[in-house]
Amino acid sequence: QRPRTTAYTSVSQTLGYPGWKDIDVTNAVQEIVERDGWDSGNALALLLIAHTNSTSGQFRNYDYSGGASYAAKLTVSWLQPGEMETLVAYTEDSTSYDDILRYITYDGEDMTAEATAADTNDSYALRWHVAETSPYGREQVVLAVGSSSKTLYATLYDGSSWSGGDAGTYKNLGTVNSSYYRCFNLAYENASGQLLIVAGTPTVNQIKYWVWDGSSWVVNGDTFSFTTIDKKIAWVELASQPGSNQIALMVLDEDRDAAGLIWDGACNSWGNEKLLTPGAYATNTYTEEQIDVAYMQSGTNGGTALFAGAQGSDVYSTTWNGSAWGLSLIHISEPTR
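Keep in mind it's a predicted model, so treat the numbers as computed, not measured.

**Quick word on the overall build of the protein**
Assigned secondary structure in the protein consists of one helix and 20 strands. Relative to the 2.2 N^0.38 estimate, which gives 20 Å for 337 residues, the radius of gyration of the protein is 26 Å and therefore markedly larger than a compact globule would have. Across its three principal directions, the C-alpha atoms of the protein cover 90 × 50 × 40 Å. Expressed as a percentage of the 337 residues in the protein, the buried residues total 37%. Long-range pairs, those at least 24 residues apart, make up 48% of the contacts in the protein with a sequence separation of at least 6.

**Considering the pattern of salt bridges**
Pairing between side chains becomes possible if they bear opposite charge and their charged atoms approach one another. If you walk through the whole model with that rule in mind, you get seven salt bridges. Arg 182 is the salt-bridge partner of Glu 237, the closest N and O atoms lying 2.9 Å from each other. Of this pair, Glu 237 sits in strand E13 (residues 233-240) while Arg 182 sits in the loop between strand E8 (171-175) and strand E9 (184-188), and the two are 55 residues apart along the sequence. The residues Glu 237 and Arg 182 share a single accessibility class, namely buried. Between Lys 231 and Asp 230 there is a salt bridge; the shortest N-O distance is 3.5 Å. Here Lys 231 falls in the partly exposed class, since its relative accessible area comes to 33%. Judged by its relative accessible area of 45%, Asp 230 falls in the partly exposed class. When salt bridges that share partners are traced, they join Glu 92, Asp 98, Arg 102 and Glu 114 into one network.

**Observations concerning the side chain of Asp 253**
Position of Asp 253 among the secondary structure elements: in strand E14 (residues 246-253). In this structure Asp 253 is buried but unpaired, with Lys 231 as the nearest side chain of opposite charge at 6.4 Å. From its side chain, Asp 253 meets the backbone nitrogen of Lys 231 in a polar contact 3.4 Å long. Ignoring any residue separated from it by four or fewer positions in sequence, one finds Asp 253 in contact with Ile 229, Asp 230, Lys 231, Lys 232, Ile 233, Ala 234 and Tyr 286.

**Topic: the sheet that holds strand E1 (residues 86-90)**
In space, the three strands of this open sheet follow the order E1-E2-E3, with antiparallel pairing throughout. Among the strands making up the open sheet, the edge pair consists of E1 and strand E3 (115-119). Across the sheet, the axes of successive neighbouring strands diverge by a mean angle of 30°, strand direction being ignored. Across four bridges, the pairing between strand E2 (residues 100-106) and E3 is antiparallel.

**Focus: the environment of His 51**
When you line up the elements, His 51 lands in the loop between helix H1 (26-33) and E1. The exposure class of His 51 is partly exposed, given its relative accessible area of 47%. Distance in space between the C-alpha atoms of His 51 and Ser 12 is 9.9 Å, their sequence separation being 39 residues.

**Considerations on the layout of surface pockets**
Here the idea is plain: a probe the size of a water molecule rolls over the atoms and shows the empty space left. Its volume calculated, the second largest pocket comes out at about 230 Å³. Residue lining of the second largest pocket: 20 residues in total, with Arg 138, Glu 139, Leu 156, Trp 212 and Gly 214 positioned closest to the centre. Of all the secondary-structure elements, those providing two or more residues to the lining of the second largest pocket are strand E6 (151-157) and strand E7 (162-163). Broken down by class, the residue content of the lining of the second largest pocket amounts to seven nonpolar, nine polar and four charged.

**A closer look at a negative patch on the surface**
On the surface, Glu 83, Glu 85, Asp 107, Glu 109 and Asp 110 cluster together into a patch of negative charge. Taking relative accessible area as the criterion, Asp 107 reaches 44% and is therefore assigned partly exposed.

Definitions and cut-offs
- Residue numbering note: each chain is counted from 1, following its sequence as written.
- Selection of residues for local features in this predicted model requires a pLDDT of at least 70, selection of side-chain atom pairs for listing and counting requires 80 or more, and totals for whole chains, interfaces and linings are taken over all residues.
- To obtain the side-chain values, all non-hydrogen atoms of the structure were included, while hydrogens and water were left out.
- The helix and strand labels rest on DSSP assignments: H or I over at least four residues marks a helix, E over at least two residues marks a strand, and numbering proceeds from the N terminus.
- Computation of the radius of gyration draws on C-alpha atoms, with the globule rule given as 2.2 Å multiplied by the number of residues to the power 0.38.
- Note on classification: 1.4 Å probe, protein chains only; a residue is buried when its accessible area is under 20% of the maximum for its type, exposed when over 50%, partly exposed between these limits.
- The contact criterion used is simple: two residues touch if any of their non-hydrogen atoms lie within 4.5 Å.
- By salt bridge we mean one thing: a side-chain nitrogen of Lys or Arg within 4 Å of a carboxyl oxygen of Asp or Glu.
- In this count, Lys and Arg are taken as positive residues and Asp and Glu as negative ones, while His and the chain termini are left out.
- Counting of polar contacts relies on pairs of N or O atoms within 3.5 Å, with two restrictions inside protein: one atom must be capable of donating a hydrogen and the other of accepting it, and residues adjacent in sequence are counted only when both atoms are side-chain atoms.
- Strand pairing follows a simple DSSP-based rule, namely that at least 2 bridges must link the two strands.
- Axes here mean lines fitted to C-alpha atoms, for a helix over just the part in contact, with angles spanning 0 to 180 degrees between N-to-C directions.
- A cavity here means a set of 1 Å grid points, computed over protein atoms only, where a 1.4 Å probe fits but cannot escape. A pocket is an open set with protein on both sides within 12 Å along at least 5 of 7 lines, and lining residues have an atom within 4 Å of a point.
- Grid points are joined across faces, edges and corners, and a volume is the space filled by probe spheres set on the points.
- Three classes are used: nonpolar for Ala, Val, Leu, Ile, Met, Phe, Trp, Tyr, Cys and Pro, charged for Asp, Glu, Lys and Arg, and polar for all others, with Gly counted as polar.
- Patches here: salt-bridge-free residues with over 30% relative accessible area, like charges joined within 9 Å, nonpolar side chains (Val, Leu, Ile, Met, Phe, Trp, Tyr) joined within 5 Å.
- Areas reported here follow the Shrake-Rupley algorithm with a probe of radius 1.4 Å; residue values treat only the protein chains shown as occluding.
- In plain terms, the charge of a residue is placed at NZ if it is Lys, CZ if Arg, CG if Asp and CD if Glu.

Next comes the structure, spelled out in structure tokens:
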């Protein structure tokens, strides 16, 4: 008469011999610990219920006091907060116009069988898959864009199931500038664990962005327009500052100009825009990825972001120390004669 979970494991077993029988109760246990009012240390009962259409045979289970050699055993495995198995996300051969996001996971020893994360119902294959793991909580996220529709999709993984956050197995983020180059990216705030997604739109000098706080989309498709560049965004790079909610954004537009922008997760806003390729320092092309940004993790310059791009056979760079921009520099890759 105990209240039962919706989740259960069906067992079909030939019982003509004694021995241990393994039953995976993960889903049922997860449902219980996610109930309102559940606290660590609460008691939990697992019910073994016979099928009503059983016609013959016996099944016996013993508690420990009835015989230690026969008593049931419960094996518990778990991941620490923020710890997830390695995720590999992909779409199969584009000649079949595959619009299904597929995945496997790796636990350090074995790869799981291929499974479906989300069927986007797009008309053509997906491109430019980007995956990231949250620094806190059990969450991973994957982005991909439809090769013909230019529709951007996001889907969130909690280690057992996929969702779009508000409904279904994915979230449709709308049309982006292009599927020929990756005009979108994502990053998690290092301190809060909030997810930031940024995409270049079909409008010149404009990005659209979303913020997922682990339970809802607290920013759901707001836009920001650059003032230092005047063409559509072709490439997007993001980097998270260690120990804070600051994220550095670097974009490259279709005029080969790069710009930097700083995200403040404390108030979910952008600021400190800077043109990074003034004058003759424009990148070689916008059809290939010519930019990147990363934060130094420790040491004297820990927390400083380095923005870099290609110009001819040289590399230019600019730094952001967390509160102010440094000088733009050109690093000559070959000696002049």
